[in-house]
Amino acid sequence: MTGQDGGAGAPSLLYMVKRLELAVRANLDDLVRPAGVTALQYTALTVLERHGGRSAAQLARDSFVTAQSMADMVRALERRGLIRRERNPASRRELLIHLTDAGRALLGDLAGPVRDLEERMIEHLTARQEEQFRRALASAWRALS
């Protein structure tokens, strides 16, 4: 971030988004650590839950990490039995990553606490404000993508 001020003493939007991201990441790390995963690993597992059969490159993009970080993460998650790799029937050279039953169980165990964290983040918003917040975040993402 280039600076905290967005004018008239108010923090810039970039600063506020980064501050929220860091707070979410710290809370999520604390929440998933007892399950033996990191926030980044948890994110990758949730991506696979929604979209199984991803290549490592696709999973890296969808999980916001580099290809090298994803390679290390895939090895760690595979060792734990949370994911498995299979040859892509359409392209035998490509390996697709799938969530295992153990991975699904871990996500099931974490679903309630993660939902509670999200609820805590928006507890002071009305339902309408929450929907506006979701739309604003999606719109901001689209503008920069």
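Since the model is a prediction, treat every value here as computed from it, not as a measurement.

**Points about the overall build of the chain**
The number of helices and strands found in the chain is 6 helices and 2 strands. Its helices and strands in sequence order give the chain the pattern α-α-α-α-β-β-α-α, from N to C terminus. Counting only C-alpha atoms, the chain reaches 55 × 30 × 25 Å along its principal axes. Sorting the 145 residues of the chain into buried and exposed places 28% on the buried side. In the chain, the share of contacts with a sequence separation of at least 24, taken over all contacts with a separation of at least 6, comes to 42%. Of the roughly 9,900 Å² of accessible surface on the chain, a fraction of 54% belongs to carbon and sulfur atoms. Considering the chain, the positive charge centre built from 22 side chains and the negative charge centre built from 18 side chains are found 6 Å apart.

**Details of the pairing of strand S2 (residues 91-99)**
Where strand S1 (residues 83-88) lies against S2, 6 bridges are found, and the strand directions are antiparallel. Note that in S2 the partner of Ile83 across the bridge is Leu99. The hairpin formed by S1 and S2 contains 2 residues between the paired strands.

**Topic: a nonpolar patch on the surface**
A contiguous nonpolar patch, built from Leu20, Val24 and Met121 and spanning about 220 Å² of accessible area, is present on the exposed surface. Assignment of secondary structure puts Met121 in helix H5 (residues 101-122).

**Let's talk about helix H3 (residues 56-63)**
All of the buried residues along H3 are Leu59, Ala60 and Ser63. Projected onto a plane normal to the axis of H3, the buried residues spread over an arc of 105° and lie on a single side. Packing partners of the buried residues in H3 comprise helix H2 (39-50), helix H4 (67-79) and S2. Looking one or two places after H3, you find Phe64, whose phi comes out positive at around 65°.

**Things to note about the nonpolar core**
Core analysis: the largest hydrophobic core is formed by 25 residues, its most contacted members being Leu28, Tyr42, Leu45, Leu59, Met70 and Ile83. For this core, the secondary-structure elements that each account for two or more residues are helix H1 (13-32), H2, H3, H4, S2 and H5. Ranked by residue count, the leading element in this core is H2, at 6 residues. Look past the residues within four positions of Tyr42 in its chain and what remains in contact with it is Leu28, Val32, Leu107, Leu110 and Val114.

**Regarding unusual backbone geometry**
Residue Phe64 is not a glycine yet carries a positive backbone phi of 65°. Assignment of secondary structure puts Phe64 in the loop between H3 and H4. Note on Phe64: relative accessible area 70%, which makes it exposed.

**Concerning the packing of H2 against H4**
Their axes nearest at 11 Å, the elements H2 and H4 cross at an angle of 80°. Between H2 and H4, the crossing angle belongs to the class labelled roughly perpendicular. Judged by residue contacts, Leu40, Gln41, Ala44 and Leu45 of H2 engage Met70, Met73, Ala76 and Leu77 from H4. Among the residues making up the contact of H2 with H4, the classes are represented as 7 nonpolar, 1 polar and no charged.

Parameters at a glance
Residues numbered from 1 in each chain as written. Predicted model: local features only at pLDDT ≥ 70, side-chain atom pairs only at ≥ 80, totals over all residues. Heavy atoms only, no water. Helix = DSSP H or I, 4+ residues; strand = E, 2+ residues; numbered from the N terminus. Buried < 20%, exposed > 50% of the residue type's maximum accessible area, 1.4 Å probe, protein only. Contact = heavy atoms within 4.5 Å. Areas by Shrake-Rupley, 256 points an atom, 1.4 Å probe, with all protein chains shown as cover. Lys, Arg positive; Asp, Glu negative; His and termini not counted. Charge placed at Lys NZ, Arg CZ, Asp CG, Glu CD. Pairing = 2+ DSSP bridges. Patch = residues over 30% accessible without salt bridge, like charges linked within 9 Å, V, L, I, M, F, W, Y side chains within 5 Å. Salt bridge = Lys/Arg side-chain N within 4 Å of Asp/Glu carboxyl O. Arc of directions from axis to C-beta. Core = buried A, V, L, I, M, F, W, Y, C linked by side-chain atoms within 4.5 Å. Axes fitted to C-alpha atoms, helices over the stretch in contact; angles between N-to-C directions. Parallel < 35°, antiparallel > 145°, perpendicular 65-115°, else oblique. Nonpolar A, V, L, I, M, F, W, Y, C, P; charged D, E, K, R; others polar.

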